[in-house]
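Each chain, letter by letter, is given below.
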Amino acid sequence: MMKFTEEHEWLRREDDVVVVGITEHATTQLGDIVFVELPEVGTTVTKDEEVVVIESVKAASDIMSPIDGEIVEVNTALADTPALANDDAIGAGWFFKIKPSDPSQMDEYMDEAAYNAFIA
């Protein structure tokens, strides 16, 4: 099940980790993404801490961690091909995987229907 933040991030639980990326709506707003700076694997982050820097043809943006936990994997393909985030935002364009210290934090976020209403 996916959850969505008001900052246009998506979260998808996969076993004991949560995959995080940005929505197609966010990539449309940003335009073509030309650079992505990812966090280090093993970094412990807290909710609302900056973890990813994105540069697009329109702007630079920071992605904040939506939950507390440890970064366990990053999408290294984005370093070579940042446009993956534009081309497949909810698939191959994910940013990082986090092992949550409090999985219930995901409950605070919107489901897909609520997110679609939010961006309408």
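Here the structure is shown first, and the text comes after it.
It should be emphasised that the depicted structure is a prediction, and the values quoted were computed from it without experimental measurement.

**Here we look at the pattern of salt bridges**
Proximity of charged atoms lets side chains of opposite charge pair with each other.
Consideration 1: Scanning the entire structure with this criterion turns up five salt bridges.
Consideration 2: In this structure, Glu14 engages Lys97 in a salt bridge whose closest nitrogen and oxygen atoms are separated by 3.9 Å. Highlighted residues: Glu14 in strand S2 (residues 9-14) and Lys97 in strand S9 (residues 96-100), separated in sequence by 83 residues.
Consideration 3: Given a relative accessible area of 30%, Glu14 falls into the partly exposed group.

**Details of the pairing of S9**
Consideration 1: Burial runs high along S9: four of the five residues are buried.
Consideration 2: Bridge count for strand S3 (residues 17-22) against S9 is three bridges, and the pairing is antiparallel. Within the sheet, the bridge partner assigned to Val20 lies in S9 and is Phe96.

**Brief notes about the sheet that holds strand S7 (residues 60-64)**
Consideration 1: Reading across from one edge, S4-S6-S7 is the order of the three strands in this open sheet, with antiparallel pairing throughout. Taken across any chain shown, the strands that pair with only one partner, and hence form the sheet edges, are strand S4 (33-37) and S7. With strand direction ignored, the average angle separating the axes of adjacent strands in the sheet is 25°.
Consideration 2: Pairing of S4 with strand S6 (residues 50-56) involves four bridges; the strand directions are antiparallel. Directly across from Ile33, in S6, lies its bridge partner Ser56.

Reading the values: the criteria
Residue positions are given per chain, counted from 1 along the sequence in the order it is written. Given that this is a predicted model, residues contribute local features only at a pLDDT of at least 70 and side-chain atom pairs are listed and counted only at 80 or more, while totals for whole chains, interfaces and linings are drawn from all residues. Calculation of side-chain values draws on the structure's entire complement of heavy atoms; hydrogens and water are dropped beforehand. By salt bridge we mean one thing: a side-chain nitrogen of Lys or Arg within 4 Å of a carboxyl oxygen of Asp or Glu. Strands here are runs of E lasting at least two residues and helices are runs of H or I lasting at least four, both read from the DSSP assignment and numbered beginning at the N terminus. For every residue, the accessible area (1.4 Å probe, protein chains only) is compared with the maximum for its type, and the residue is labelled buried under 20%, exposed over 50%, or partly exposed between those bounds. A strand pair is defined by DSSP finding two or more bridges across the two strands. Interaxial angles span 0 to 180 degrees and are taken between N-to-C directions of axes, which are lines fitted to C-alpha atoms, for helices over the stretch in contact.

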